[in-house]
Amino acid sequence: MQDPNCLFCKIIAGKIPSKKVYEDEHVYAFHDIAPWAPIHFLMVPKLHIPSMAQITPENSALMGHLLALAPKLALEQGCRPYPEGGYRIVTNTGAEGGQEVHHLHFHVMGGP
Ligand code: AMP
Ligand code: ZN
């Protein structure tokens, strides 16, 4: 369930290099190539889903798995613990939502 023309599908398949943060059967996480914060990585489902706009209740388990990983990975990547530290999780959706890559991704950003 990959799109051969999709940048993030190519990254997941290893056809385009990336700096891996985490990988399992369903999720791939890697450092953003143009970070907006000292710590900035992206979490993507391996399944090609274009955006949050396509998410249905059938994707609940996948979305839960993905989001539940974010706090663990953020701390591992150097974000300081809540409440003094923390991070932002952002998902741009559609043109007016600022989405440039149309493979669903969660930005995790933090650091001083
Ligand atoms: P968005 O605007 O939410 O679609 O964000 C797309 C993100 O993908 C941007 O923050 C880009 O810097 C990032 N990006 C684009 N190409 C790559 C790449 N080859 N490796 C890592 N991150 C990338
Ligand atoms: Zn894709």
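Structural data are supplied above this passage.
Just so it is clear, the model here is predicted, and its values are computed rather than measured.

K.L.:
I would appreciate a short explanation of a nonpolar patch on the surface in the present structure.
P.N.:
Taken together, the side chains of Leu67, Tyr87 and Ile89 define a hydrophobic patch exposed on the protein surface, amounting to about 240 Å² of accessible area. Along the chain, the position of leucine 67 falls in helix α2 (residues 60-76). Residue classification places leucine 67 among the partly exposed positions, given a relative accessible area of 42%.

K.L.:
Could you clarify how one ought to interpret the side chain of aspartate 32 in this entry?
P.N.:
Along the chain, aspartate 32 turns up in the loop between β2 (27-31) and β3 (39-45). Although aspartate 32 lies buried, it forms no salt bridge, and the closest oppositely charged side chain, lysine 19, sits 11 Å away as judged by the N-O distance. A polar contact is formed between the side chain of aspartate 32 and the backbone nitrogen of alanine 34, at a distance of 2.8 Å. Among residues more than four places away in sequence, those in contact with aspartate 32 are His40, Phe41, Leu42 and His107.

K.L.:
Is there a simple way to think about the coordination of the zinc ion (ligand 2) in this case?
P.N.:
Metal coordination angles have textbook ideals: 109.5 degrees for a tetrahedral set of four donors and 90 or 180 degrees for an octahedral set of six. At this site the zinc ion (ligand 2) is bound by Cys6 (SG), Cys9 (SG), His48 (ND1) and His103 (ND1), with donor distances of 2.0 to 2.3 Å. Classification of the site at the zinc ion (ligand 2) as tetrahedral follows from its four donor atoms and the range of 106 to 116° in their angles at the metal.

K.L.:
Is there a simple way to think about the pairing of β2 in this case?
P.N.:
Remark: a regular strand shows side chains that alternate across the two faces of the sheet. The buried count for β2 comes to four of five residues, which makes it a mostly enclosed element. Note that strand β1 (residues 20-23) and β2 share three bridges and pair antiparallel. Across the sheet, the residue bridging to glutamate 23 is tyrosine 28, located in β2. What sits between the antiparallel neighbours β1 and β2 is a turn of three residues. Note that β2 and β3 share five bridges and pair antiparallel. The residue of β3 that forms the bridge with phenylalanine 30 is leucine 42.

K.L.:
Would you explain α2 in this entry?
P.N.:
Residue pairs three or four apart in sequence face the same way in an α-helix, which turns once every 3.6 residues. When the terminal C-alpha atoms of α2 are compared, their 25 Å separation across 17 residues agrees well with the 24 Å that a helix rising 1.5 Å per residue should span. Approximately 30° is the largest bend angle found in α2, and it occurs at alanine 70, with the proline proline 71 only one to four residues beyond. Close packing links the buried residues of α2 with β1, β2, β3, β4 (87-90) and β5 (106-110). Positive phi shows up at glycine 78, right after α2, with a value of about 115°.

Quick notes on the rules
Throughout this description, residue numbers start from 1 for each chain and increase along the sequence as written. Key to labels: chains lettered from A, ligands numbered from 1, both in the order written. Given that this is a predicted model, residues contribute local features only at a pLDDT of at least 70 and side-chain atom pairs are listed and counted only at 80 or more, while totals for whole chains, interfaces and linings are drawn from all residues. With hydrogens and water set aside, each side-chain value is computed from the structure's full complement of heavy atoms. Within this analysis, patches are made of residues with over 30% relative accessible area and no salt bridge. Like charges are joined at 9 Å or less; nonpolar side chains (Val, Leu, Ile, Met, Phe, Trp, Tyr) at 5 Å or less. The Shrake-Rupley method, run with a 1.4 Å probe sphere, supplies the accessible areas, and residue values consider only the shown protein chains as cover. Any Lys or Arg side-chain nitrogen found within 4 Å of a carboxyl oxygen on Asp or Glu counts as a salt bridge. What counts as a helix is a DSSP run of H or I of at least four residues, what counts as a strand is a run of E of at least two, and both are numbered from the N terminus. Accessibility here uses a 1.4 Å probe with only protein chains present; expressed as a share of the type maximum, an area under 20% marks a residue as buried, one over 50% as exposed, and anything in between as partly exposed. Neither His nor the chain ends contribute to the count of charged residues, in which Lys and Arg are positive and Asp and Glu negative. Here a polar contact is recorded for every N or O atom pair within 3.5 Å, except that within protein the pair must consist of a potential hydrogen donor and a potential acceptor, and residues adjacent in sequence are included only if both atoms are side-chain atoms. When checking whether two residues touch, look at their non-hydrogen atoms; a contact exists if any pair is within 4.5 Å. Metal coordination here is assigned from N, O and S atoms located within 2.8 Å of the ion, or within 3.2 Å for Na, K and Ca; omission of water means that sites may look incomplete. For four-coordinate sites, all angles between 85 and 135 degrees define a tetrahedron; for four- and six-coordinate sites, opposite donors beyond 155 degrees with the remaining angles between 65 and 115 define square planar and octahedral shapes respectively, and all other cases count as irregular. When DSSP finds at least two bridges between two strands, those strands are taken to pair. Given a helix with a known number of residues, its expected span is that number minus one, times 1.5 Å. Two axes define the bend at a residue: one fitted to the seven residues ending there, one fitted to the seven starting there, and the bend is the angle between them.

It is worth stressing that arrangement in space is one thing and function is another; only the former is reported here.
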